[in-house]
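Listed below, chain by chain, are the residues.
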Amino acid sequence: MSSRYSIFVKLGSNRDLSKLELSVLLKKIGLEDITFTEWMDYIFLKLSRNYFTKFFKLLDNTGSIIKAGYLNSEVNVEKEVEWKNKVKDHLVKNIDKHSSDKIKQLKIALDVQAKNLDLRNNIVTSIRKIITDYTNDMKIQAKILGIKKTYSQLSPYQFYKENLHRRGFEITSFVVKSKIIFGVTNWVTNPLLDIKQDEGRQSRLFTHGTSIKLARTLIFLSGVSSDGLVLDPFCGTGTILIEALKQKMQTIGVDKDPKCFRISKENLNAFSLKYPAKAKMKDKWTVYSQDSSDLVKILKSKNLDAIVTEPYLGPFLKDLPLTEEAGEIMKSLEKLYINVLREGSKFLKDNGKIVFILPVYKYPNGLEMKPNVERIASQCSLHVQERSKFFHISLPVQIGRKHNVINRCLIIFTNQLE
Ligand SMILES: C[S@@+](CC[C@H](N)C(=O)[O-])C[C@H]1O[C@@H](n2cnc3c(N)ncnc32)[C@H](O)[C@@H]1O
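Fair warning: this is a prediction, and the values are worked out from it, not measured in the lab.

If you had to explain the sheet that holds strand E3 (residues 42-46) to someone new, which residues and values would you point to?
What links the strands of a sheet is backbone hydrogen bonding, and the strands pair in either a parallel or an antiparallel sense. The sheet built from 8 strands is open, its strands ordered E2-E3-E1-E4-E8-E7-E5-E6 with mixed pairing. The open sheet has two edge strands, strand E2 (35-39) and strand E6 (142-145), and neither has a second partner. Ignoring which end each strand starts from, the neighbouring axes of this sheet average 30° apart. Looking at chain direction, strand E7 (residues 168-176) and strand E8 (residues 179-188) are connected through 6 bridges and run antiparallel.

Following this line, the structure appears as structure tokens:
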């Protein structure tokens, strides 16, 4: 490959979370070391070709990464004739690859990323003209998508609504310093699947459910492979359990609220009926209605690969409580988490992970209140993961918007030092 970079990855709005997922993904495919560059919302990675298939396949299991693709060639932005020729080569190659007798109209999208917006608009206009001229010459019916008066790239939602993955392709290019790098999108997160799954849920309780995307991220971060066993001791409506089942894991859910117990069972049943082919779904999950401080009643042997949960995060609050009240809430949550994790971790296999969400109250004076992570770890004989393998991410990672008053963060405990 002539390009300096071979793969691009577009990070989600929570960049640290996406980088954490990417780090786990690279570890999963067996990489010990990587060369990467971070640029705007993107990571450019040098990967050897034998990793490509696994890499793109595993992206489906992530919850926060937006898209990824190959980078094919690069050229100096000053050399206009040269880069225009490159665009044409790139276009011809992709048209050949993607057009067929079955496709009546080829759809082509453009994603041009540059810090200089005038330059980006010029490049978009030029590429658009090259596409129009070439497809007219070749009498190919082509539609260029996503270009309005002011340039806009397609969102993942539009990408799938337009059926672009079946009927065309997206040219992706980056203007980095003096170079234009040309590539093609190969994978985009599919929000339509999540929307369908959400609509298909038997029952929803918004105060007791983790979002599908976050649930997928948490399961992915556990690093468990298919057939592994995952426990969610605060299973709510079963969202995390379903994400685990989608990755062909086995799951145990516990919730002390009988209504949540019933709803998660309904949701899991509906999911199993819908996807019976996913390896005998019915035998792969169990849900219990009880307090998770008493896990010893249901867990028998040390066979858990991970505990993954968004637990009870305290009472529903519209505004921040006074610091004294907040202190009391955090103390009681810490106690609950210690009780549950101390029990649960006894059934965790060696090198098992606990992927956990904590509430964080942020005060305007900069004061931050959350349960004490170190104390939870020491009381449960666990270690706190402090950073990711790649990309220098420090944990905990904040979840939710920066300006939220009541926030959450993601932590990972391990029962052995990595
Ligand atoms: C934020 S929700 C969990 C969402 C869930 N992880 C999902 O995937 O949708 C928290 C849940 O914890 C449950 N809960 C609170 N205290 C509990 C306890 N001591 N034992 C078991 N479940 C508890 C609540 O009933 C609630 O359903």
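Describe the site of the ligand, listing the residues and the values that go with them.
Every one of the 23 residues lining the ligand counts as a neighbour, but Asp232, Phe234, Ile240, Asp255 and Ser292 are closest to it. In the model, a nitrogen atom of the ligand is placed 3.1 Å from a nitrogen or oxygen of the aspartate 291 side chain. Measuring from a nitrogen atom of the ligand, one finds a backbone N or O atom of serine 292 at 2.9 Å. In isolation the ligand offers 610 Å² of accessible surface; the protein chains occlude 94% of this area. For the shell around the ligand, a count of residues per class yields 8 nonpolar, 9 polar and 6 charged.

Pulling in residues and values, what's your account of the environment of glutamine 398?
With respect to the helices, strands and loops of the structure, glutamine 398 is situated in strand E16 (residues 397-399). C-alpha separation for the pair glutamine 398 and tryptophan 39, spaced 359 residues apart in sequence, amounts to 21 Å. Sequence-distant contacts of glutamine 398, that is, excluding residues within four places in its chain, are made with Asn14, Lys362, Asn407, Arg408 and Cys409. A distance of 3.0 Å separates a polar atom in the side chain of glutamine 398 from a polar atom in the side chain of lysine 362.

Give me the lowdown on the nonpolar core, citing residues and values where you can.
Core analysis: the largest hydrophobic core is formed by 46 residues, its most contacted members being Val9, Leu26, Leu45, Phe55, Phe391 and Leu410. Counting residues in each nonpolar core, the second largest holds 35 residues, with Leu299, Ala326, Ala377 and Leu382 among its members.

Give a detailed account of the domain arrangement of the protein, specifying residues and quantitative values.
Partitioning the protein into domains gives domain 1 (7-189) and domain 2 (192-414). For domain 1 versus domain 2, the separation of C-alpha centres amounts to 34 Å. Taken together, the 30 residues of domain 1 in the interface contact 21 residues of domain 2. Summed over both sides, the interface of domain 1 with domain 2 buries roughly 2300 Å², with 71% coming from carbon and sulfur. Looking only at domain 1, the three residues that lose the most surface to domain 2 are Leu17, Leu20 and Asn61, adding up to 25% of its buried area. Applying the counting rule to domain 1 against domain 2 returns 1 salt bridge. For lysine 389, the salt bridge goes to glutamate 32, with nearest N and O atoms at 3.8 Å. Scanning the region where domain 1 abuts domain 2 turns up 7 residue pairs in polar contact (both at pLDDT 80 or more). If you list the elements that add at least two residues to the side of domain 1 that touches domain 2, you get helix H1 (15-28), E3 and helix H5 (156-161). For the side of domain 1 that touches domain 2, the leading source of residues is H1, giving 12 residues.

Rules of the game
Residues numbered from 1 in each chain as written. Predicted model: local features only at pLDDT ≥ 70, side-chain atom pairs only at ≥ 80, totals over all residues. Heavy atoms only, no water. Pairing = 2+ DSSP bridges. Helix = DSSP H or I, 4+ residues; strand = E, 2+ residues; numbered from the N terminus. Axes fitted to C-alpha atoms, helices over the stretch in contact; angles between N-to-C directions. Near = heavy atom within 4 Å. Polar contact = N/O pair within 3.5 Å; in protein donor to acceptor, adjacent residues only side chain to side chain. Areas by Shrake-Rupley, 256 points an atom, 1.4 Å probe, with all protein chains shown as cover. Nonpolar A, V, L, I, M, F, W, Y, C, P; charged D, E, K, R; others polar. Contact = heavy atoms within 4.5 Å. Core = buried A, V, L, I, M, F, W, Y, C linked by side-chain atoms within 4.5 Å. Buried < 20%, exposed > 50% of the residue type's maximum accessible area, 1.4 Å probe, protein only. Domains from an automatic or database assignment. Buried area = accessible area lost by both parts, 1.4 Å probe. Salt bridge = Lys/Arg side-chain N within 4 Å of Asp/Glu carboxyl O.

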